[in-house]
Amino acid sequence: MGKPVVFIPSRVPEETVQYLSTVADVDYRDEEEMLDEEDFLEGVSRADGLLIYSRNKIKHDVLERAPKLKAVCNIAVGYDNLDLEDLTRRGIAATNTPDVLTETTADLAFGLLIAAARRIPEADHYVKSGQWSGWLPSLMLGKDVYGATLGIVGYGRIGSAIARRARGFEMKVLYCNPERILGDEQQLGLEYASLDVLLRRSDFVLLQVPLTPRTWGMIGERELALMKKDAFLINSSRGGVVNEDALIKALTEQWIAGAGLDVFAQEPLLAGHPFLTMKNVVTLPHIGSATRETRAAMAMKAAVNMAFILRGERPANLLNP
Ligand code: DGY
């Protein structure tokens, strides 16, 4: 019997490909852009394993074209791009890459919060576009981060890493989560709150929940209306968690002060999208985990998961129940 085939349809670090080549025949495409659909499906049709980023959706249509598939290893912690139920029904193992991106993603989320509060992208544009005529008493006034109240919605590993950063800014931290995390409540002085209480009291509401049927659209008009008028919404989890029409309305009608968004319901944002011209919205192109070190660690973790599955062993980050 020949080696199993692992299809990698996107650019990953060279050492990931080298590592996988010791256990599989690797069909590797050194591509930044997405492969076109036929090319992708052709690779899938010959693959025993897929090593993919979350931009590749692995749902019913793709699985119907994957007769040999045994493993789907996501290079991401989120896995809403996978139909886990369907994969499990077909006996295909799925994995993700928690832990290695926690701190990097927390850095970005906190940076996004500061950027929105202190209007950093707007100020940068102001200087570079030649509008800066001198120091002005009311120029680019923002909102204090230091000492403010932060509400973290969804308190997993990344939420906890954000709370640690907030401590350095002497913020009051509320969190809302299906379970209480008593250790962090004691160590970091957090306060557990219902979503409504958190929305009413926070200066910054930071979303860090996975996208599931339960969290889809969980921040809509009702929730935004509960927030303070000078509060900011920060989303570095998944765009689908927010009802974007409601958010556009809330920002336009100034129910809230602004937003920092690294993720969107539809990515990339299409030309003409209202967020693109809203000064009180900081937009980023889904770069929560985008550092060289972290992306390399994520790809290697996914590859190690793949090697375990191909050897018939249980991988560390198995998602199937
Ligand atoms: C993740 O790991 O889930 C990042 O958002 C990349 O998709």
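Residues numbered from 1 in each chain as written. Predicted model: local features only at pLDDT ≥ 70, side-chain atom pairs only at ≥ 80, totals over all residues.

Under the annotation held in an unreviewed UniProt entry, the chain carries the name 2-hydroxyacid dehydrogenase and is attributed to Paenibacillus mesotrionivorans.

### A short note on the overall build of the chain
When its secondary structure is counted, the chain shows 12 helices and 12 strands. Its C-alpha atoms give the chain a radius of gyration of 21 Å, near enough to 20 Å, the size a compact globule of 321 residues would have. Principal axes of the C-alpha set define a box for the chain whose edges measure 75 × 50 × 30 Å. Evaluated residue by residue, the chain yields a buried proportion of 41% over its 321 residues. (Helix = DSSP H or I, 4+ residues; strand = E, 2+ residues; numbered from the N terminus. Rg over C-alpha atoms; globule rule 2.2 N^0.38 Å. Buried ≥ 20, exposed ≤ 12 C-beta atoms within 10 Å, placed from the backbone.)

### With respect to the domain arrangement of the chain
By convention, interface size is frequently given as the accessible area that disappears when the constituent parts associate. Domains assigned within the chain are domain 1 (5-100 + 292-310) and domain 2 (102-283). Each partner contributes residues to the interface: domain 1 has five residues there, and domain 2 has six residues. Residue composition of the side of domain 1 that touches domain 2, by class: one nonpolar, two polar and two charged. (Domains from an automatic or database assignment. Contact = placed C-beta atoms within 7 Å. Nonpolar A, V, L, I, M, F, W, Y, C, P; charged D, E, K, R; others polar.)

### Notes on the sheet that holds strand 8 (residues 191-192)
Spatially, seven strands are ordered 8-7-6-9-10-11-12 in an open sheet, and the strand pairing comes out parallel. The open sheet has two edge strands, strand 8 and strand 12 (281-283), and neither has a second partner. The pairing of strand 9 (residues 204-207) with strand 10 (residues 232-235) spans four bridges and is parallel. Within strand 10, the residue paired with V205 across the bridge is L233. (Pairing = 2+ DSSP bridges.)

### Some details on the site of the ligand
Close to the ligand lie S54, A76, V77, G78, L101, G288 and S289. For the shell around the ligand, the per-class residue count stands at three nonpolar, four polar and no charged. (Near = placed C-beta within 6 Å.)

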